[in-house]
Every structure is written in C-alpha cells, then in structure tokens.
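The lines below spell out each chain.
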Amino acid sequence: MLSFILKKFAGRHHRKYIEKCRPIVARANEFERQYQQLTDEQLRAKTDEFRARIKQGESLDQLLPEAFATVKSAARRLCGRKISVCDQELTWDMVHFDVQLIGGITLHEGRIAEMATGEGKTLVATLPLYLNALTGKNAQLVTVNDYLARRDSEWMGHLYNFLGITVGCIQQSMHSEQRREMYARDITYGTASEFGFDYLRDNGMATRKENQVQRDHFYCIVDEIDSILVDEARTPLIISGPAPIEREQPFTRLKPGVEKLVAAQLKLINHLVKDAADLLEKKDATPEDRQTAAMKMLQVKLGMPKNKQLLRLQENPEWRKLLDKTDVEMHSDFNKSELYKFKEELYFVIDEKNHQADLTDPGRALLRPDDPDAFVLPDLASLFIDIEKDSTKTPEEKEQAKRDAQNHYEVVSEDIHALSQLLRAYSIYERDVEYVVQEGKVVIVDENTGRIMSGRRWSDGLHQAVEAKENVTIERETRTYATVTIQNYFRMYEKLAGMTGTAETEATEFNEIYRLAVTQIPTNKPCIRIDQNDSIFKTRRDKYNAVVKQIQEAQGRGQPVLVGTVTVEQSEVLSRMLKRAGVIHTVLNAKFHQQEAEIVTRAGQRGSVTIATNMAGRGTDIKLGEGVRELGGLFVVGTERHESRRIDRQLRGRCSRQGDPGQTKFFLSLEDDLMRLFLQGNLASKIMEGSMKEGEELEHKWLNYSIESAQKKVEQQNFAIRKRLLQYDDVLNKQREVIYGIRNSALHSDRPKDIIFEMIEDEIAARLESSGYGTKNSATESNIESLVGWLNSHFPVSVKVGEMTGDAETLLKSLVERIRQAYALKESVEDQAALGGLERYIVINAIDHHWQEHLTEMEELRRSIGLRSYGQKDPLSEYKGEAFRFFEELMNNVRLQICTSLFRSATNRDAFENLFAILSRSARMQGPAATPTALGAAAQSTAPAGETPAAEQEIKLPAVTIRRETPKVGRNDPCPCGSGKKFKNCHGA
C-alpha cells in the first residue's frame, strides 16, 4: 500500500519541468512554421543574424526558440537527401519531435536528459550544440568511443554544415595540428579520454603555446553520461613514461615460490572439501560431525571461495544454511581468536569483496622456510645506532655497513610487496574475466562494460604480477607525468549536460558530485515492452540450460534474441552450448567498435541470435526486421544481474524503441556473484528450503525486489568509494590548478621574467626568515654567513656579511634589486630573440621535473595513508595535511631550481662567456669575494676540458678532503632517524 502511494507521487518534479517547457516548444514550432517560407540561403543567414544579436547583448535563453526552430527547419529540408556517413550512403529521414525539443531545452540548461533507447538522443544534441556554438566558443560532445564520435560528427555534420556551422571530430590517431584544427571549429565531437589527454598534454607537457590544441572549457554534452561519469570515473587519465630502473624486478624470481604456495593451498582445500562432503553425506552423522563439516566448508570459503566442489555442496539447502550460520557466528567478536586459529591452518586467506589475499604463518614458512624474518622489515634506525656503537669498525666500514643495511631493507620491502601482488594475481584475478591475453600482452577487461581497455594498466605492480603469471613479457613500471580524474576534468566546464537512457538510479551521485539534475523525458510513443519476472535456478548449469531452451523456442518461431552476458567468459561458455544445440548465432565481445555496431544493427532481423557483453554495441539502434513486430519484437535475455541496476536497465532498453514491441527476461542462479556475495545471508537458504529441486525454476515479483535491494546496497557501496576517491583527488586537483596556472602563465608570456623574479623574491624571503630576520630571535652570525654563501653561489651579486643589516623587508628589496641589476647585465649580452624561450625553459623545466616527482610521492602517500586509521586517525584529514606539506616542499624545490638555473644557463655559449668576462672584470676591480659566485661555478662546469676560466685562476682555495661519517641517504630513502618518513620530508628537508 505504501509503495502504491509513493509511486503516485514519484516523478512529479519531472512532470512539472516538462509542463514548464511546453510553451517554449510551442513558440519554437511556431517559428519553424514561419521559417518554412524562407529559402535555404535565408535560413542559413539566420546563423549570422543570431551571432550578431549575441554580440549586441541578447542572451542564449532569449534566442532559444528561434535557434531550435532553425535547426528543426534545416532537418526538415534535408529529408530525402542521400548523405555519406562512415563511407556508407544513408537517406536523411529525421525531423525533431516535440519531446526532442524538450530534451534540447534540458541539455541547454545544464541538466541530464534521461531518454529511452531509440528516442533520437544523437539528433537532440544538435539543438543545444548549435545554440551554444553561436557564442563563438567551442561546444563539445563526448561519446563512448572513437567510432561513435566519427559517426555522429559526420551524420549530424550535414545538418550543421547546412546552417554554416563548422564541426570537427577528435580521433586517437590524430597529430597535434589536426587536433588544433578540430578544436578551432564551432562544434567538436570526441571521447572523454581524448579530451582529457589533450588537456593534460596542453597543461602538463606542452613547452610552447603553439603546441597547445584546446581552446576553452565552455559547454559540453556527455552522451551516455552514466557510462562516462560513473563507470569510467574510477579510472583516472594518466600520461606516463618508463620509471628509472633501480634494480631488476623480483616477479620472475619469486613466481615459482608463489606457484608452489597456490598448489599447496589447492591440495589442502581439496582435502578439506572432500572431508566435509564425507561427513555431511554420512547416514549416521552426529551434530558434532555436521559442525566439523561446516568449519571445513568455512575454511574452504576463506581459502578458495570459488571452489567448484564447495559451490556444489552449497546447492543443498540444509548444508548452505549450516555454512551461512557458521560463517556469521565465527565472524562475531566472541569467536575472533578461534576464527584466527582456523585461518592459520590455511596458507593464505582471500577477501573476495575487497580483492585482497593475505599470507598466514604456514604460507610464510612455505615461501621462506630458512628465514623466519623474511617478512619483517628491518629496523633501520636501530641498525644504524648499533653500527655507530661498533668501535671495531673504521668510518669507511661503518659507512659500507649502513649502505648494506639500506640495500637489504629495500630488497626485503620490494620482495614483500611483489609476493603480495603475485598472490593476488594467482588467487583472485582470473583470465578471461578480469583480463585477457592478446598478442603477448595482458589487457584489462572493464568490469562494467566487458570492453577491452587497451593501454590501461593496473598500478602498484599488480599488472607486472599478472604478466609474470601468464608468462608474457613483464613491462617496466611506469612513472606518472600528468594525471586527472574524469570527474575533475568535466567539472572544469562552465556548462555541463548529459544524456542517457539510464540515469535516474544514479541521480544522487550526479547531483552531489557534478551538481547535475536528472530529468526524465517522455517517449514519443508509449513503451509497450514486457519485462518478465526473473527466473532463479539452483546452479549455473541449470540456468544456462534454461537460457539455451528459451533461445531455441524463440528462434523456432522466428523471434530475434539478444543475449546479454556480464563477462567475456560467460559469452564464450554460452556460445559453446548453443553450438552443441545447433543454434546459429553471432558472438560480440566488444573488441571492435565499428564491427560491433554493424552486428548489433542486424540483431533485430527475423530468427537472429546475438550474444553480447552487456554494453557491446551501445549507441546503435536495433531496428526490427520484416514481420518481427507480429512475433513480439526483440527478445532480450540477461544471463545474470549486474551489480548495478542501471546496467540491467540498459540491457532491457535495447528493445522496444519508438513504440516497437519487445520482451525481456533475466535468468539467475544462486551461484552468481551478486547472489553469492551481496544477497542477505540466509535468504538464498530460505528460498531453497522449500520444494525447490535441481533444474526447477523459481520466479516471483517479490524475488525481483530482493535482488534489486541487493543491487542498491552495492550501488551505495560503490558510490561511497567513488565519492571518497574524489575527496582525495580534490586535494591533488587544487595543487594541479596552481601548478598548471603558473605553467600556462609562463607559456603564454613573451618574457616570463616576472614569474622568475616572483619566485626568487619568495625564495629569498623564506631564507631570510629561516636565518632569523624578522623574527623575535635575531639572525646569528653563522646563519648570516650561510645565507651569504648561498646568495653568492646562486647569483653574481658579491654580497658581503657586513652588508646584511637592517630589517627583513628592506634587505629583501635590496637583494632582489641587486639580482635584477645582474640580470639586466645578462640580458644585454644575450640573444634577445631567444631570451624569452630561455626564461620559459627555466620555469617549465623546474615545474615539470618536480611535479612528476610530486605525483609519484602523492601516489605512494595515497596507497599508504589508510594505515593511519589503525591509530584512530582519519586518513583523509591526514592525507590533506601530508599533501599540503608535500606541496610546500614542491614549491620550495621549484623556486630553488629556478634560482639555481637562472645564471647557469644562456641562449648560447658566446653570451655566457661575454657575461662572465664582464663580471670577472667587475670582481677584480672590487677585490676577491669571500665566497665563490654563481658565474664562477657555472663557468667551471661549461669550460672545455683542460681550461679554467680567468676569474677562477685568481682565487685558489685550499683542497679539503671531506669524509662522510654516515652513508649517503637518497632523498626518497627512509630517514635513518627511524621516523618512517622519507629523508627529504624529515632530516633532509
């Protein structure tokens, strides 16, 4: 009763919005009737008229009815014309319906238009894109793949070109010149990754403004917005290159040990499951026997949850109930110690939900029988103290001992990490489910779409571990050069809109993250699709048999069938079963976008059977063949419920376009991942406790609700993960904006001298403050000498200790002015045409080098920060604090490198030698300085072999042998003090 009342009120806000749009649609239709009297040239002239009116101050909202009418009138005039799209000849037969005009208004206002499959979203987008392109700024449309971007830009391009609007399309194979030309056009089509990577190349890689291709981020429509902003949003866009090799990767060396470990676990699991089966099948089994069997089944579930024998045992309702009950009891606080004892009888334990695998003591002993401390990280601080206390060692021996300890620490650390990733690769990541092997490479399969994600790699060594498992070439670990998440890229647009057939279930996420409201647009004709109840079976075998039977029945009467699977593996299993049954069919595994679009187009022909991963061929309409309407239309069969209701709705939406008939039905089994992992613990047992037998079908609408409630739980969990990830990335995003802002200022400035001197002033101010100027404690003599030494070694200013008097502000102005004078002298001897490029290089080189290091550090911080929760600290707050300190260090390093490089670089060698000669004469007139100058150091480094610059010959310093008491610690190595921080973030700061 309650749900009936709630349904009556559901969707009221959508209906109110649509009623508000009706008068605007009526005005647009009235204008369109008037425009039918115009010639083609007069209609085309409307574009220039609208542009002029915008320049005079008229708003886009005021122009909307006339602009929409112009586009609709142009579409009407194209009807019947032959057009070329992707080298195929088509006939234009589209004119905008009223509901499409409402969709256009929705998109223009920066909302998400939820429109059913076949309602013409591609045509709808032409309305707001035309309107917003009139501003002279670049309007963009994002699609899910290159083929659809090309198809839609060429298809709709005939309409845009008719109205005098230029349209471009970004393709993966294009070079920079072509990309710049495409972005320069009024409207640009492309994929999210291409737009995102162009942004990263423009802001993080380009060294001249001529290398940048994008214009602005003004207006963007995202087609299939749920797929791009939800499903793909979890994978950031990363431009990376090979990381420097410090030592050989340990995966190949450690692989045999892990294979031995997995084999030992499999042998143990088989024994356990056999013992459990024997106890349960005993005719005179006692309660103690049953409890022992339940504990053994629980151990199998912890050690290998997808074990086929275990899944077979769970088909018995009584035994499944016993296992569920034992599982709940053992995970309670009272039985923690006992559960730990049972886990320790295994070699490793798998956490299927979180994709983790943890070694137990027997597992560690099997891998390292001779070294009980192999999985314990050495305590470097204690080791260093012990080495220092050892009076028998010379300083050189102590240094070597510390270096050996440091190397041992790094080897142990890397081995532990590599073993962890190899264990995950062998025990959790399955071939043809999470990844496929193509042409000797491991390629990730998208869990939502079933698409193969070429070029993407798992991070943190997991990809290398899977490559080792599959005996393919192990590629080098990569280093991030530039990165941005899909969420933060699209939040840069002034106006963002989207369209899809399924957005309502993710409305909360769209609103919270992107501030986008979802509006359901009514269909042009009523939807008459019949959604049948789900059919549930005990086993996958029963389910697939039922699917094959259903397909044979439909094909027998000539009704076309589209079968949607969740994974590539499922589609191949079903294909083999259909071959054995003699059913002719087509398999589509989302490998070639153009090919899949062509196959999906034919899926509505009489008697056809098409098997496809849930998302394959998306964006292509399935039109019914002759006589198919009378047979009930396209029959869509789902072989498993997806974690997200949205993906299921997408599959259902493949049939019943534009009022066509259609049917949908999902077939499930209690062995499906969703049913096994997320359905309420004992519900499955309760279902089977009735009269359900093997091969029997169970269906009821109440079961549909239970499954949907399980899906809601998963959706909420995934949303929480995405939201948390975004909160972390927001921290890096603010830093990215600052860095890219400075970088772009340098790129677009003819002479970035002001940026350089701003950096120099900040650096000197910071050093004055750290020396004691402007603080309660006055500067000490040693601090002043140190500061003077730093100034003279970086700038040719010959500062003396006696000159370092007065307040901090006056001293800062004086020092910066002396540096400016020295730089003016440098400018006078430099090649003026190349000076701007040199200054730009100094700024960009400093930023790029340290930003790339910073990204690596932030990745490491992000991976490790979760451990702070064990200390009752909020990882996000800790991450923000650490990230701020890292960013301060980044800016300090950038400033320091700019200070170091300014007088150590020149446009050509002659300019450098001329400047050095002038400054050398000046130095001889003033007398020798207390400290060497920047030019002396730079000249020494640039002089040819065997030569010494003149100024350096006059001052000979005594040779001093420096002996290091401790081993040299790298900036990224752990600090020897034992704090756990990197050296550069602790005592090396």
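Residues numbered from 1 in each chain as written. Predicted model: local features only at pLDDT ≥ 70, side-chain atom pairs only at ≥ 80, totals over all residues. Heavy atoms only, no water.

Trainee: Tell me about the overall build of the protein chain, and name the residues and values.
Mentor: Regarding its fold elements, the protein chain presents 37 helices and 23 strands. For the protein chain, with 989 residues in total, the buried portion stands at 51%. Contacts in the protein chain between residues at least 24 apart in sequence constitute 75% of all its contacts with a sequence separation of at least 6. When the accessible surface of the protein chain is split by element, carbon and sulfur atoms take 50% of a total near 46600 Å². (Helix = DSSP H or I, 4+ residues; strand = E, 2+ residues; numbered from the N terminus. Buried < 20%, exposed > 50% of the residue type's maximum accessible area, 1.4 Å probe, protein only. Contact = heavy atoms within 4.5 Å. Areas by Shrake-Rupley, 256 points an atom, 1.4 Å probe, with all protein chains shown as cover.)

Trainee: If you had to explain the confidence of the model for the protein chain to someone new, which residues and values would you point to?
Mentor: Looking at the protein chain as a whole, the pLDDT averages 83, with 87% of positions reaching at least 70. Per-element mean pLDDT across the protein chain ranges from 35 in helix α37 (residues 950–954) up to 96 in helix α7 (residues 126–133). Scored below 50 in pLDDT, residues 927–932 shows seven contacts in the model against residues more than four places distant or in partner chains. Scored below 50 in pLDDT, residues 939–967 shows 31 contacts in the model against residues more than four places distant or in partner chains. (pLDDT = per-residue confidence, 0-100.)

Trainee: Describe the nonpolar core, listing the residues and the values that go with them.
Mentor: Ranked by size, the top nonpolar core spans 150 residues in total, and within it Leu129, Phe490, Phe510, Ile764 and Met804 carry the most contacts. If you tally residues by element for this core, the top one is helix α34 (residues 875–902), at eleven residues. With sequence-adjacent residues up to four places away left out, Phe490 is seen in contact with Val142, Ala192, Cys220, Val222, Ile228, Leu229 and Leu496. Counting residues in each nonpolar core, the second largest holds 28 residues, with Val258, Ala357, Tyr426 and Ala465 among its members. (Core = buried A, V, L, I, M, F, W, Y, C linked by side-chain atoms within 4.5 Å.)

Trainee: Mind laying out the packing of helix α30 (residues 753–771) against helix α31 (residues 781–794), listing which residues take part and the relevant values?
Mentor: The relative placement of two packed helices comes down to the angle between their axes together with the axis-to-axis distance. At their nearest, the axes of α30 and α31 sit 9 Å apart, and the two run at 160° to each other. What the angle tells us is that α30 and α31 run roughly antiparallel. Note that α30 runs across α31; the crossing there is right-handed. For the pair formed by α30 and α31, the contact residues are Glu763, Ile764, Arg767, Leu768, Ser770 and Ser771 on the first element and Asn783, Leu787, Trp790 and Leu791 on the second. Among the residues forming the contact of α30 with α31, the class breakdown is five nonpolar, three polar and two charged. (Axes fitted to C-alpha atoms, helices over the stretch in contact; angles between N-to-C directions. Parallel < 35°, antiparallel > 145°, perpendicular 65-115°, else oblique. Left-handed = near helix turned anticlockwise from the far one by under 90°. Nonpolar A, V, L, I, M, F, W, Y, C, P; charged D, E, K, R; others polar.)

Trainee: Could you give an account of the pattern of salt bridges, naming the residues involved and the relevant values?
Mentor: Under the criterion given, the structure shown has 66 salt bridges. Residue Arg77 pairs with Asp40 through a salt bridge whose shortest N-O separation is 2.9 Å. Taken together, the positions of Arg77 in helix α4 (residues 60–78) and Asp40 in helix α3 (residues 40–55) put the pair 37 residues apart, joining distant regions of the chain. Relative accessible area serves as the criterion here: at 25%, Asp40 is assigned to the partly exposed category. Arg751 serves as the salt-bridge partner of Glu839, at 2.7 Å between the closest nitrogen and oxygen. Here the residue Glu839 occupies a position in helix α33 (residues 832–864), and Arg751 occupies one in the loop between α29 (701–748) and α30, the gap between them amounting to 88 residues. What makes Glu839 buried here is its relative accessible area of 0%. Counted as one network, the salt bridges with shared partners bring together Arg529, Asp531, Asp534, Arg641, Asp648 and Arg652. (Salt bridge = Lys/Arg side-chain N within 4 Å of Asp/Glu carboxyl O.)

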